[in-house]
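Secondary and tertiary structure notes
For reference, the chains in residue letters:
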Number of protein chains: 2
Amino acid sequence: MLGAALDLFSEHGFEGTSLQGIADRLGVTKAAVYYHFHTKDEILLALVQPAIDELLMLAGEKDSGLRPQRGRGMDVAGYVDYLLRHRRVAAYLTRDATAMSRPVLVEKGAQLRGQVEAMLLGGDADDLSTLWGSATLQALAGALMAAPPDVSETWLREELTDLGMHLLAGYRKAARRRQT
Amino acid sequence: MLGAALDLFSEHGFEGTSLQGIADRLGVTKAAVYYHFHTKDEILLALVQPAIDELLMLAGEKDSGLRPQRGRGMDVAGYVDYLLRHRRVAAYLTRDATAMSRPVLVEKGAQLRGQVEAMLLGGDADDLSTLWGSATLQALAGALMAAPPDVSETWLREELTDLGMHLLAGYRKAARRRQT
């Protein structure tokens, strides 16, 4: 059921999808959907929760390679692996602002974004890190979405890691320049 | 009327917005909206058309600084200026996939994306340029959207140009590495 919901959310947006539409796609009655989920928000949360939990867990693990190392930023490869594991959900959330602005997600979304930016860039949040942090997350998600379907996952992992590392280096350079 | 429509599209997505909703926001009857636009697609096109026309014109001008210079890519500053001029529309289109997948936009969207990527990166399209081109467009749009409201336009212009230049340099480095 969650797969069918993600298909429809991706095609029509969160607000353009109805419980009836999800039932129709599955070939079941609306009552059958309602037996599992009472609202679209519950479905959205069920779709997104595993990715949120995993990111919070990774961020909390000292040896995961995802913790910032004295402002040097995280091991980008860990975040790329994470993105590749949650590829469809990540692509969907990047491209449907109405989903991320649902009350069930809005607080978690802001918290996660801040946490990932801090993990990636290290150090304190300021205008510059907000800009580069958001650029890095969007660039990785955009590249993931644009990746031709016939490229290998190995190729994609390497290129995305390269891209992320390059952006981190750019941020550090920009931050140094602003300090002088 | 277009301003109210863009507000609602941005808040609820294209598919979550109705002509009735636009009329309500404006405090007029649905018939009054219908007098100007018969469908939401017409409104979407009217919102996006000026930005599309301007980009096509810029891409066509030999001396605009936007033409690729022998595979060296365009003058990023020109594209950043363009983005800043069309800031709200650009932010909206980046965050609502359902708008870009409307039949009225889907062909133009693909054409424009290809053209902008070619302008930015120069040279022929391949897997690598698709990845970095999309990453560059998303990074610039993401940074634009994340920019704190109190930063000056001058600051934003400089930082976005810096970001775009850095990504182009990264692409050229990646392309050279893949050739050897």
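My aim in this report is to walk through the structure given alongside it, one point at a time.

How each quantity is defined
Residues numbered from 1 in each chain as written. Chains lettered and ligands numbered in written order. Predicted model: local features only at pLDDT ≥ 70, side-chain atom pairs only at ≥ 80, totals over all residues. Heavy atoms only, no water. Contact = heavy atoms within 4.5 Å. Buried area = accessible area lost by both parts, 1.4 Å probe. Salt bridge = Lys/Arg side-chain N within 4 Å of Asp/Glu carboxyl O. Polar contact = N/O pair within 3.5 Å; in protein donor to acceptor, adjacent residues only side chain to side chain. Helix = DSSP H or I, 4+ residues; strand = E, 2+ residues; numbered from the N terminus. Nonpolar A, V, L, I, M, F, W, Y, C, P; charged D, E, K, R; others polar. Least-squares fit on C-alpha atoms with pLDDT ≥ 70 in both. Phe/Tyr/Trp six-rings, centres within 6.5 Å; stacked < 30°, edge-to-face > 60°. Buried < 20%, exposed > 50% of the residue type's maximum accessible area, 1.4 Å probe, protein only. Lys NZ or Arg CZ within 6 Å of the ring centre and 35° of its normal.

**Concerning the interface of chain A and chain B**
Across the boundary between the two partners, chain A contributes 40 residues, which contact 40 residues of chain B. Here chain A meets chain B over a buried area of about 3300 Å², counting both sides, of which 58% is carbon and sulfur. Per-residue buried area on chain A facing chain B is highest for R95(A), L131(A) and H166(A); these three make up 22% of the total on that side. Linking chain A to chain B there are 6 salt bridges. Ionic pairing is found between R177(A) and D162(B), a salt bridge with its closest N-O pair at 2.3 Å. Summed over the shared surface of chain A and chain B, the number is 19 residue pairs in polar contact (both at pLDDT 80 or more). Listing elements by their share of the side of chain A that touches chain B, those giving two or more residues are α1 (2–12), α6 (87–95), α7 (97–100), α9 (127–146) and α10 (153–179) of chain A. Among the residues forming the side of chain A that touches chain B, the class breakdown is 19 nonpolar, 12 polar and 9 charged.

**Focus: the relation of the copies chain A and chain B**
Note on the copies: chain A fits chain B at an RMSD of 0.0 Å, the axial shift is 0.0 Å, and the rotation between them is 180 degrees. This pairing of chains is accounted for by a two-fold axis. Here 100% of the interface residues in chain A have copies in chain B that are interface residues too; the copies meet face to matching face.

**Let's talk about the packing of aromatic side chains**
All names here are of chain A. One pass over the structure, following the stated rule, counts 6 aromatic pairs over all chains. Pairing F9 with F14 gives two aromatic rings, centres 5.3 Å apart and planes at 50 degrees, and the pair type is tilted. As far as burial versus exposure is concerned, F9 and F14 are alike and both buried. Ring plane angle 25 degrees and centroid distance 5.9 Å describe the contact between Y79 and Y82, whose orientation is recorded as stacked. Placement of both Y79 and Y82 in helix α5 (residues 76–85) is noted, with a separation of 3 residues, approximately one turn of the helix. Pairwise contacts between aromatic rings join F9, F14 and Y92 into one cluster. The ring of F14 carries the charged tip of K40 above its face, separated from the ring centre by 4.4 Å.

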